[in-house]
Amino acid sequence: MNNLPKDFEIFSDARRQGFLKAKEIKDRGENMVGVFCTYTPKEVIYAAGAHPVSLCASNDETIPEAEKHLPKNLCPLIKASYGFALTDKCPYMYFSDLVVGETTCDGKKKMYELLGEIKDTHIMNLPNMKNEESLELWKKEIEKLITKLENKFNVEITEEKLKENIKFCNEERKILKEFYSLGKLVPPPISGYEIYKVLEGANFTFDKKEQNERLTKMIEHLKEVHKNNEGPISKNAPRILITGCPIGGVYEKVVKPLEELGGVVVAFENCSGIKNLEELVDESETPITALAKKYLNIPCSVMSPNKGREEILKNLIDEYQIDGVVEVVLQACHTYAVESYNIRKIVTKDKEIPYIALETDYSQTDFGQIKIRMEAFLELLG
Ligand code: BJ8
């Protein structure tokens, strides 16, 4: 981290510091809306004058409690998220006045039914195909979310407010994308671990104006580092792309060893990586239609088919000069596990580069085994 400006620490610590900020927000009488998924149109939440906050849990602390209600053989992200709600241990869940969830995978949507008994939970019926009928349905779901927020918070969400917040969120996306794209440089001026920490930190930063300013400064600084060849990463380090399930709960045991062993993660295709940042909301379209189009187009494995993910992956492999792909599949995540077959084919046959799939959970029990597999994978990359 030698070449990183002080602002990096702020992002890296954002999840923890965000607790205090969230309390300040509540003390000011403002509202918070907890969200679980990239499909939630956060522009609508901002337009209601509320603050969206990510609720996806990233450690296994509350899984034993969750397993009293949920089956053991369920994705750790779902169990941990529910466990934090059940035990009241997550301040973000605690401070959320409303939770918004979508009908994504089976486990999540069934968990939301139980969550609804603990918190006010609004479910958006996400279609799982991308076509005209789905777009109409998704537009109606966005309208229903607007009505829910208006009634809950006693506010009016006007077209103007939606437009304003579409612009506001696009601005954030553009800057995050520029930051993320630093991974294209050879060598990158920042490690994948650090890139991930910043992208993750942005989910827990409430003052977006300040965040954008900090990020812009950090990007300028890191470009300078690259120009002057002062970065800590070797230009020969094998360049890795991570794809698959969200990695908030496992990046320490996947990304860290990869980089400690000499590789560098230059691209994250997962949620909180490029998946949500790639496409902006069209500012010239009617707001609800523009939002529906953008969000329905997210290439997550809950969509069937999900060709968009394959296209993005192929482009990223070229643009980021990827030497190898690591796919992370959380235990019992069937949609990503099934897609693995095609992803492996695209990476190894179409792009002719090495691929490895890791099935893991939030525990530390497989840490040693993952490290050994990462070591063997990096040897393969030369
Ligand atoms: S847009 S990736 S955040 S659904 S919870 S599908 S890991 S079994 S999180 Fe996701 Fe939205 Fe898609 Fe992103 Fe699998 Fe677990 Fe389900 Fe999961």
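Cut-offs applied
- Residues numbered from 1 in each chain as written.
- Predicted model: local features only at pLDDT ≥ 70, side-chain atom pairs only at ≥ 80, totals over all residues.
- Heavy atoms only, no water.
- UniProt positions renumbered as here; feature names shortened; annotations may be inferred.
- Buried < 20%, exposed > 50% of the residue type's maximum accessible area, 1.4 Å probe, protein only.
- Helix = DSSP H or I, 4+ residues; strand = E, 2+ residues; numbered from the N terminus.
- Pairing = 2+ DSSP bridges.
- Right-handed = clockwise from strand over helix to strand, strands pointing away.
- Salt bridge = Lys/Arg side-chain N within 4 Å of Asp/Glu carboxyl O.

The name given to the protein in an unreviewed UniProt entry is 2-hydroxyacyl-CoA dehydratase, and the organism recorded there is Fusobacterium mortiferum. Within the UniProt record for the protein, the comment given under Sequence similarities (unreviewed entry) is "Belongs to the FldB/FldC dehydratase alpha/beta subunit family."

(A) Summary view of the pairing of strand E7 (residues 324-330). Counted residue by residue, E7 has seven buried out of seven residues, so it is predominantly covered. The two faces of E7 match: Gly324, Val326, Val328 and Leu330 on one face and Val325, Glu327 and Val329 on the other face are all buried. Relative to strand E8 (residues 355-360), E7 runs parallel, the two being bridged by six bridges. Bridge assignment links Val328 to a residue of E8, and that residue is Leu358. In terms of handedness, the path from E7 via helix H16 (residues 334-350) over to E8 forms a crossover that is right-handed.

(B) Spatial organisation of the pattern of salt bridges. A full pass over the atoms with the stated rule returns 35 salt bridges. In this structure, Lys89 and Glu61 form a salt bridge, with 3.4 Å as the shortest nitrogen-oxygen distance. One end of the pair, Lys89, is in the loop between helix H5 (76-87) and helix H6 (91-95); the other, Glu61, is in the loop between strand E2 (51-54) and helix H4 (63-66), and 28 residues separate them in sequence. By relative accessible area, Lys89 is classed as partly exposed at 46%. Note on Glu61: relative accessible area 46%, which makes it partly exposed. Lys184 is paired through a salt bridge with Glu319; the nearest N and O atoms lie 3.4 Å apart. On the criterion of sequence distance, the pair formed by Lys184 in the loop between helix H9 (159-180) and helix H10 (192-202) and Glu319 in helix H15 (residues 307-319) is long-range, its members being 135 residues apart. Note on Lys184: relative accessible area 33%, which makes it partly exposed. A cluster of three or more residues bridged by salt bridges with shared partners is formed by Glu269, Lys275, Arg309, Glu327 and Glu339.

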